[in-house]
Amino acid sequence: MNKEMICDVAIVGAGSAGVAAAIAAAKNGAKTLLIESSSVIGGDLLSGLPIDGCRTTAGEWIVGGVFRELLDLCEELGGYIGSIYDRRNIWVVMVNPRIMGFAVLKLLAKYDVELLPYTQVDSVVRADGSLTKLMGKSKTDNYEITAKQYIDCTGDGDVAYLCDVPYEMGDENGELQPMTMVFQIRNIHPQEVLSFVLEHPENCGLGENPNSPKTAKELAQELYDLGIPKVFFSGNGPLMKKAIEEGELHSCSMMAFNPNATDLSVVTVNTTRLVTKDCTSADVLGTSMLELVEQVENAYRFIKKYIPGCQDAILDGVAPRLGVRESRRILGEYYLTGEEVSGGVKREDGICKGGHEVDIHGKGEKHVRKTIKNAGSYDIPFGCLIPRGMNNLLMAGRCLSADRVAHSSARVMGTCMGMGQAAGTAAAMCARENIRPGQLEIGQLREILRQQGAILDGTD
Ligand SMILES: Cc1cc2nc3c(=O)[nH]c(=O)nc-3n(C[C@H](O)[C@H](O)[C@H](O)COP(=O)(O)OP(=O)(O)OC[C@H]3O[C@@H](n4cnc5c(N)ncnc54)[C@H](O)[C@@H]3O)c2cc1C
């Protein structure tokens, strides 16, 4: 059946950026529609991975607003595990992903966001830099969606791509950061794992914060005392290195344990790696999923055999979707660079902050990582969210306008939610005032964002 839908703000993609954008747009009075091709509403917020980028390496909170509201609700529902310094160099926020998934739906319902899951946006109608319609297909219906303002939160920048906005993808050889099948194990004994970390800190990523004088041993002791198994086993440490050399384990830079249940015996594991030149085509994604199964099995066997405290671990499934770190970077009115990010540059047109390290996973054991200057934050200018040449399209999340280095930091969930809140708020303002994003008074946008809890000031 052909169906028409009309709204003020249409957001495509319900990952961390899209959810924040939808809540912000609706909160600011826009009739808001959120379109998602799958049934996973919340993206990697439901993966069991920690939410990064919400605090600087020094510990200061840099994302508030919609993210804070979601976190508070998650806590109210018993799904907030806590925020800790991982003793390597980042602060993380840990949640129970199933409860987070419910909290996301509850908040979308609270703000009357209209939700269109199972609907893939596959074409657009546009005229002179203005998007007139989105065309979406579900199993039973063809949708024609008309809005005053649109936001591309597809991660891959699909809407901007369909509008022929130029983009970049990958490194100089077209290679992307690896994809990962995240998996979960349960029934680990956290204190035993931490006692192994304490005895063998050489196997772990510890003490990489240039601003902290503490030794790996001291930090391992702190983790042990804390009792939270947020551990990075390092690909260069003797334990993993030997297993990689002997073919027991795939080649990778790390194996991260991320607690995601209040009893701390359940962790998601981020370790599998597969580099391709395309993360957008279904056949590549399908082949990759099947290829990664073997890495999951080997990693699970490795964990049980070699990591004390994991001998009784039970494989507890894989994340709801394959993890894609990088695809199209859509070019926007402003292009954020790695130098600005690493240098912690602040700007008067900043609409949210990033603070996650530069974090480019590579093939095998390659991994480029760099802490932000003074363990602080950088600003993301509004222009990074305006696709070049478009009058009524914004973007937020992983497809922001940035070079590869800047992207590697800004792609994390906390920062995506900050961008999403800014884009949703801006789109609602533009829809109400009938203006283009480029005409928006940024000072006014920043003021509203601040009033609604976003953090734009402070930090080193
Ligand atoms: C393995 C891995 C580990 C990571 N670890 C962490 C971590 O520990 N902490 C952290 O904070 N971040 C981590 N990240 C990064 C982070 O999870 C993502 O970059 C972030 O969630 C991206 O959010 P997004 O909203 O921009 O995009 P996505 O979450 O990808 O959301 C985009 C949504 O759009 C939908 N969509 C796409 N195209 C269309 C279309 N044409 N029509 C309709 N819907 C569409 C997709 O189905 C998807 O739901 C990790 C990423 C990976 C892959």
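The structure we're discussing is the one just above.
Residues numbered from 1 in each chain as written. Predicted model: local features only at pLDDT ≥ 70, side-chain atom pairs only at ≥ 80, totals over all residues. Heavy atoms only, no water.

### Quick look at the pairing of strand β13 (residues 254-259)
- In terms of residue burial, β13 counts as a mostly covered element, since six of its six residues are buried.
- Neither face of β13 is open: one carries Met-254, Ala-256 and Asn-258, the other Met-255, Phe-257 and Pro-259, and all of them are buried.
- With four bridges connecting them, strand β12 (residues 231-234) and β13 associate as antiparallel partners. Note on β13: the bridge partner recorded for Phe-233 is Met-255.
- Across four bridges, β13 lies against strand β14 (residues 267-270) in antiparallel orientation. Bridged to Pro-259 within β14 is Val-267. (Buried < 20%, exposed > 50% of the residue type's maximum accessible area, 1.4 Å probe, protein only. Helix = DSSP H or I, 4+ residues; strand = E, 2+ residues; numbered from the N terminus. Pairing = 2+ DSSP bridges.)

### Here's the deal with helix α6 (residues 216-226)
- Of the positions making up α6, those classed as buried are Leu-219, Ala-220 and Leu-223. In an axial view of α6, the angular spread of the buried residues amounts to 105 degrees, which keeps them on one side of the axis.
- The inward-facing, buried residues of α6 contact α5 (190-199).
- At the C-terminal side of α6, Gly-227 shows a positive phi close to 80 degrees. (Arc of directions from axis to C-beta. Contact = heavy atoms within 4.5 Å.)

### Remarks on the site of the ligand
- Neighbouring the ligand are 32 residues, the closest being Glu-36, Asp-44, Pro-50, Arg-321 and Arg-411.
- Within the backbone of Arg-411, a nitrogen or oxygen atom sits 2.6 Å from an oxygen atom of the ligand.
- Here the ligand, which alone exposes 990 Å², has 94% of that area covered by the protein.
- For the shell around the ligand, the residue count by class is twelve nonpolar, twelve polar and eight charged. (Near = heavy atom within 4 Å. Polar contact = N/O pair within 3.5 Å; in protein donor to acceptor, adjacent residues only side chain to side chain. Areas by Shrake-Rupley, 256 points an atom, 1.4 Å probe, with all protein chains shown as cover. Nonpolar A, V, L, I, M, F, W, Y, C, P; charged D, E, K, R; others polar.)

### Things to note about the sheet that holds β14
- The strand order β12-β13-β14-β11-β15 describes an open sheet built from five strands, whose pairing is antiparallel. Looking along the sheet, the strands with just one partner apiece sit at the ends: β12 and β15 (314-318). Geometrically, the sheet is characterised by an average inter-axis angle of 25 degrees between neighbouring strands, direction not taken into account. (Axes fitted to C-alpha atoms, helices over the stretch in contact; angles between N-to-C directions.)

### Observations regarding the environment of Met-254
- Turning to its location among the elements, Met-254 is positioned in strand β13.
- With 75 residues separating them in the primary sequence, Met-254 and Arg-329 have C-alpha atoms 26 Å apart.
- If we skip the residues at most four places from it in the chain, Met-254 touches Arg-88, Phe-232, Phe-233, Gly-235, Met-240, Asn-270, Thr-271, Arg-273 and His-361.

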